[in-house]
Amino acid sequence: FGRSTRALEGFSLNIRESEVIGLAGPNGAGKSTLISLLLGYLEPTEGSIRIAGMKPRAFVERHGIGYLSELIAMPPRWTLDEALQRYAILAGVPANQTRLRTARVVELLGLGEQLGKRVKQLSKGNLQRLGLAQSLLREDRVIILDEPTHGLDPVWTQRFRDVVDELRRPHRAIFIASHNLDELQRLADRVAIIDRGKLQRVV
C-alpha cells in the first residue's frame, strides 16, 4: 500500500550457550519477525544476525535448528507414529536411529497412548505435544519454540517446565517466544521483553 513498517528497530540481544531465553511481548510486537530472522527466512535490512558466527541460513543448512511453529499443520490422515517417522526422515535423522529418537520424544511428551491415532483425531493439546515432539527429534544445538504451551492443559503446561529442564545441554541454546511473561519467567534464565519492534528490557 505504498507504506513500509519497521518490524524491529534497534534490537540488540546476545544469547549465550547453555541458556534458556524467553521472548515476551503482545501480538504484533515483532516476535514472529525475529524468529523468521533467526531461522534465515528473512534477511535484516540493517544490522546483522549471527548464530555461532554464521548467518542463520548457513547455520540451518549446516547444523539444523529444532523449531516449533506457532501454528501446527500436518496431514490429517497421518497417524501420530507416521508423522514422527516422516518428520525424522525430513530432519535427517539416520535410519538406524529413527525408532530410538521417536520413542524418546514420545516418552518425553507422554504420547504413547496416542501413537495409532490420526492427526485429525488428536485433541488440541495432543496436537501441540506432537508439534513439540517433531521439533525435538534431533540433538540440535539451537531450539526455537514459538508459543509452545498454546493449547496445553494446566497439567501439561506445568510439566512443560520439566521438559525444558530435560532439554538443557551444556552447548545448547533454547529460545522460547510467548505472550505469557509469568510462564516465561518460570521457564527461562532471562526474558527479553519486546514491544512495537523494540527491546524494552531484559529481566
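Everything here concerns the structure above.
Residues numbered from 1 in each chain as written. Predicted model: local features only at pLDDT ≥ 70, side-chain atom pairs only at ≥ 80, totals over all residues. Heavy atoms only, no water.

S.K.: How should I be thinking about the overall build of the protein chain in this particular structure?
M.R.: Helix and strand counts for the protein chain stand at 7 helices and 6 strands. Expected size for 203 residues packed as a compact globule is a radius of gyration near 17 Å; at 17 Å, the protein chain falls within 12% of this value. For the C-alpha atoms alone, the extent of the protein chain along its principal axes is close to 50 × 40 × 35 Å. When the 203 residues of the protein chain are sorted by exposure, 45% land in the buried category. Residue pairs at least 24 apart in sequence account for 68% of intrachain contacts in the protein chain once pairs closer than 6 positions are excluded. (Helix = DSSP H or I, 4+ residues; strand = E, 2+ residues; numbered from the N terminus. Rg over C-alpha atoms; globule rule 2.2 N^0.38 Å. Buried < 20%, exposed > 50% of the residue type's maximum accessible area, 1.4 Å probe, protein only. Contact = heavy atoms within 4.5 Å.)

S.K.: What is the right way to look at helix α3 (residues 80-90) in this model?
M.R.: For an α-helix, the turn length of 3.6 residues means that residues three or four places apart are oriented alike. Every buried residue of α3 is accounted for by Leu-80, Ala-83, Leu-84, Gln-85, Tyr-87 and Ala-88. The inward-facing, buried residues of α3 contact α4 (98-108) and α5 (124-135). Positive phi shows up at Gly-92, right after α3, with a value of about 80°.

S.K.: Teacher, can you tell me more about helix α6 (residues 154-167) here?
M.R.: Over its 14 residues, α6 runs 20 Å from end to end, which matches the ideal 20 Å to within 8%, given 1.5 Å per residue. Those residues of α6 lying buried are Trp-156, Thr-157, Phe-160, Val-163, Val-164 and Leu-167. As for α6, its buried residues are in contact with β1 (20-24), α4, α5, β3 (142-146), β4 (173-178) and α7 (181-187). (Expected span 1.5 Å × (residues − 1).)

S.K.: In this structure, what is going on with the pairing of β4? I would like to understand it.
M.R.: Both faces of the sheet carry side chains from a regular strand, because those side chains alternate between them. With 6 of 6 residues buried, β4 is to be regarded as a mostly interior element. Neither face of β4 is open: one carries Ala-173, Phe-175 and Ala-177, the other Ile-174, Ile-176 and Ser-178, and all of them are buried. Across 5 bridges, the pairing between β1 and β4 is parallel. Looking at the pairing, Ile-21 lines up with Phe-175 of β4. One ladder, built from 5 bridges, connects β3 with β4; its direction is parallel. (Pairing = 2+ DSSP bridges.)

S.K.: Where do I start with the packing of aromatic side chains in this structure?
M.R.: The description of an aromatic ring pair rests on the distance of the ring centres and on the angle between the ring planes. Enumeration over the complete set of coordinates arrives at 1 aromatic pair. Considering the side-chain rings of Trp-78 and Tyr-87, the 6.0 Å spacing of their centres and the 75° angle between planes classify their relative orientation as edge-to-face. Accessibility assignment for this pair places Trp-78 and Tyr-87 in one class, buried. In this structure, Arg-159 packs its charged tip against the face of Trp-156, placed 4.0 Å from the ring centre. (Phe/Tyr/Trp six-rings, centres within 6.5 Å; stacked < 30°, edge-to-face > 60°. Lys NZ or Arg CZ within 6 Å of the ring centre and 35° of its normal.)

S.K.: How should I be thinking about the nonpolar core in this particular structure?
M.R.: It is characteristic of soluble globular proteins that their nonpolar side chains tend to be buried jointly. Leu-84, Leu-109, Leu-130 and Ile-176 are the most contacted members of the largest nonpolar core, which totals 38 residues. Discounting residues that sit within four places of it in the chain, Leu-130 has contacts with Met-74, Leu-80, Ala-83, Leu-84, Leu-111, Val-119 and Leu-122. Listed in part, the 20 residues of the second largest apolar core include Ala-29, Leu-38, Ile-49 and Ile-144. (Core = buried A, V, L, I, M, F, W, Y, C linked by side-chain atoms within 4.5 Å.)

S.K.: What's the story with the pattern of salt bridges in this structure? I'm lost.
M.R.: Between side chains of opposite charge, pairing is possible as soon as their charged atoms come close. Tallied over the entire structure, the rule returns 11 salt bridges. Taking the shortest distance from any N to any O, the salt bridge between Arg-99 and Asp-81 comes out at 3.3 Å. Within this pair, whereas Arg-99 is found in helix α4, its partner Asp-81 is found in helix α3, the two being separated by 18 residues in sequence. Owing to a relative accessible area of 53%, Arg-99 belongs among the exposed residues under this scheme. For Asp-81, a relative accessible area of 21% translates into the label partly exposed. Its salt-bridge partner being Glu-139, residue Arg-169 comes within 3.5 Å of it at the nearest N-O pair. You can see Arg-169 sitting in the loop between α6 and β4 and its partner Glu-139 sitting in the loop between α5 and β3, a full 30 residues away along the chain. Given a relative accessible area of 40%, Glu-139 falls into the partly exposed group. In the salt-bridge network here, residues are joined through shared partners; they are Arg-104, Glu-139, Arg-169 and Arg-172. (Salt bridge = Lys/Arg side-chain N within 4 Å of Asp/Glu carboxyl O.)

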